[in-house]
Every structure is written in C-alpha cells, then in structure tokens.
Amino acid sequence: MTYYQPPMAFQPPANDPCRAWFDAVDVDRSGYVSPPELTQCLQRAGHNFSVEICAKMIRMFDRDGSGQISFMEFQQLFAFLNGMIAGFRARDRDGSGRLDGGEVRIALQQSGYQLAEPTFQLMMRKFDRAQQGSLDLNGYTELSVALGTARNVFSFYDRSRTGQVTFTFDTFTTASMSMMV
C-alpha cells in the first residue's frame with residue numbers, strides 16, 4: 001500500500017548565489033529576511049538603500065503579509081534588485097551614480113510609462129531626496145516601486161483595459177490607501 005508523500009521542499013544547489021545572499025542577509029537565522037536585515041546587507045555591499053525602501057521592496061514580494069520574506073520570496077526580490085541595479089548602471093551614461101531627468105524620462109518611457117510633464121516633475125521632486133534634479137539608485141528604485149504599485153492598483157480598477165477608470169471618492173480613497181506602503 002502506498003501512502004501519499006508530500007513533495008520535497010525546494011533545496012537550491014550549494015553553489016546558488018541567491019542562497020548565499022539569503023544566508024548572508026538572514027542575520028538572525030530565522031529563515032526570513034526583515035527590512036533592517038536587507039538594509040544592512042545592501043549597505044555593506046555599497047548600496048545606500050534606506051530602511052523605508054527596503055520595507056517597500058519586501059512588501060512587493062511578501063506573499064503572506066508577514067513583513068518579511070522567505071527564501072522563495074527572496075529569490076524574486078534578488079532578481080528584481082539585480083535588474084534595478086543593472087538598469088540603473090546602463091542608464092547612468094556618465095558614471096556619476098545619478099540619473100538626470102532626461103535619463104529617468106527615457107527609462108520610464110522604455111518601461112512603458114508615458115507621463116505628462118507635470119506628473120514627471122512631481123515624481124522627480126518626490127524621489128530626488130538630495131534635490132539635485134537627478135536620482136540616485138535608492139530614489140530610482142523607490143520611483144520604480146511606486147510606479148509599479150500604482151500600475152497594479154490602477155489595473156485592478158481598469159478591468160476592461162481602456163486606460164481610463166471612473167472613481168467615486170470612496171473607491172479613490174481605497175485605491176490611494178492600497179498604494180501607501
């Protein structure tokens with residue numbers, strides 16, 4: 001008689017760089033990564049991410065809403081971060097560590113965002129913490145997370161995919177609260 005045996009948990013190969021990063025980030029060895037742990041690790045690697053943006057990134061991949069991520073969730077975050085860093089470096093033509101407004105606009109357009117000039121300027125002011133008219137990697141990532149969140153919330157309401165929705169105040173408030181992370 002055969003009894004049901006659940007599938008084995010995924011065990012990445014020992015040479016998996018993502019697993020090595022996860023183990024390095026999971027300082028308390030809880031099996032989960034918290035925003036402070038992620039922040040500390042990224043800062044040691046030379047990336048000046050704030051605890052706030054690390055918390056936002058974790059929330060993007062935190063499927064159970066625990067405020068921290070498991071290894072499986074971390075793999076997605078790891079890929080996202082590597083993509084953000086590579087994209088930033090590719091767009092930073094002068095190697096200054098900052099993207100000027102033109103470079104940011106091109107990056108957004110290449111990602112499918114067509115923003116009106118006042119909206120673009122508002123976003124630049126919001127995420128340019130140094131008020132230099134440019135974004136560092138932290139600001140660029142935070143802008144990308146905010147736009148992705150806004151797109152996802154908008155898509156939820158734009159079920160017919162027309163690019164337009166009509167909101168009641170209550171629905172607008174719900175949508176707005178969904179984007180506040």
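Structural data are supplied above this passage.
Figured I'd write up the structure that's included with this text. (Residues numbered from 1 in each chain as written. Predicted model: local features only at pLDDT ≥ 70, side-chain atom pairs only at ≥ 80, totals over all residues. Heavy atoms only, no water.)

### Details of the overall build of the protein chain
Here is step 1 of the chain: Looking only at helices and strands, one finds eight helices and two strands in the protein chain.
Here is step 2 of the chain: The linear arrangement of helices and strands in the protein chain, starting from the amino end, is α-α-α-α-β-α-α-β-α-α.
Here is step 3 of the chain: Each principal axis of the C-alpha atoms in the protein chain carries an extent, and together these give about 65 × 45 × 25 Å.
Here is step 4 of the chain: Of all 181 residues assigned to the protein chain, the portion counted as buried reaches 39%.
Here is step 5 of the chain: Considering only intrachain contacts with a sequence separation of at least 6, the fraction spanning at least 24 residues in the protein chain is 49%.
Here is step 6 of the chain: Roughly 11300 Å² of accessible area belongs to the protein chain as shown, and the carbon and sulfur atoms make up 56% of that amount.
Here is step 7 of the chain: Of the side-chain charges in the protein chain, 17 are positive and 19 negative, and the distance between the mean point of each set is 4 Å. (Helix = DSSP H or I, 4+ residues; strand = E, 2+ residues; numbered from the N terminus. Buried < 20%, exposed > 50% of the residue type's maximum accessible area, 1.4 Å probe, protein only. Contact = heavy atoms within 4.5 Å. Areas by Shrake-Rupley, 256 points an atom, 1.4 Å probe, with all protein chains shown as cover. Lys, Arg positive; Asp, Glu negative; His and termini not counted. Charge placed at Lys NZ, Arg CZ, Asp CG, Glu CD.)

### Considerations on unusual backbone geometry
Here is step 1 of the chain: Residue Q131 is not a glycine yet carries a positive backbone phi of 50°.
Here is step 2 of the chain: Secondary-structure assignment places Q131 in the loop between α6 (117–127) and β2 (134–135).
Here is step 3 of the chain: The exposure class assigned to Q131 is exposed, which follows from its relative accessible area of 73%.
Here is step 4 of the chain: With a phi close to 60°, R161 is a non-glycine residue in the positive phi region.
Here is step 5 of the chain: Counting through the fold element by element, R161 comes out in the loop between α7 (137–157) and α8 (169–179).

### Quick notes on the nonpolar core
Here is step 1 of the chain: One finds M57, F74 and L77 to be the most contacted residues of the largest nonpolar core, which totals 38 residues.
Here is step 2 of the chain: Elements with a minimum of two residues in this core: α1 (17–25), α2 (35–44), α3 (51–61), α4 (71–91), α5 (101–110), α6 and α7.
Here is step 3 of the chain: Among the elements that take part in this core, α4 stands out by supplying nine residues, more than any other.
Here is step 4 of the chain: Those residues within four positions of M57 in sequence are excluded, and the remaining contacts are L38, L42, F49, L77, F80, L81, T141 and V145. (Core = buried A, V, L, I, M, F, W, Y, C linked by side-chain atoms within 4.5 Å.)

### Digging into the pattern of salt bridges
Here is step 1 of the chain: Following the criterion strictly, the structure yields five salt bridges and no others.
Here is step 2 of the chain: Between E142 and K56 there is a salt bridge, with the nearest N and O atoms lying 3.0 Å from each other. On the criterion of sequence distance, the pair formed by E142 in helix α7 and K56 in helix α3 is long-range, its members being 86 residues apart.
Here is step 3 of the chain: What makes E142 buried here is its relative accessible area of 5%.
Here is step 4 of the chain: The partner of R98 in a salt bridge is D128, and the shortest N-O contact between them spans 3.1 Å. Of the two residues, R98 sits in the loop between α4 and β1 (99–100) while D128 sits in the loop between α6 and β2, which places them 30 residues apart along the sequence. Across this residue pair, the class does not change: R98 and D128 are buried.
Here is step 5 of the chain: Within this structure, K56, R129 and E142 form a network of salt bridges that share partners. (Salt bridge = Lys/Arg side-chain N within 4 Å of Asp/Glu carboxyl O.)

### A closer look at the packing of aromatic side chains
Here is step 1 of the chain: Here the structure, examined in full by the defined rule, presents eight aromatic pairs.
Here is step 2 of the chain: Aromatic pair F22 and F71: ring centres 5.4 Å apart, planes at 80°, arrangement edge-to-face. Of this pair, F22 sits in helix α1 while F71 sits in helix α4; the two residues are 49 residues apart in sequence, bridging distant segments of the chain. Like F22, the residue F71 is buried in the burial classification.
Here is step 3 of the chain: Relative to F78, the ring of F74 lies with its centre 6.0 Å away and its plane at 35°, an arrangement referred to as tilted. (Phe/Tyr/Trp six-rings, centres within 6.5 Å; stacked < 30°, edge-to-face > 60°.)

All we've got here are geometric facts, nothing functional implied.
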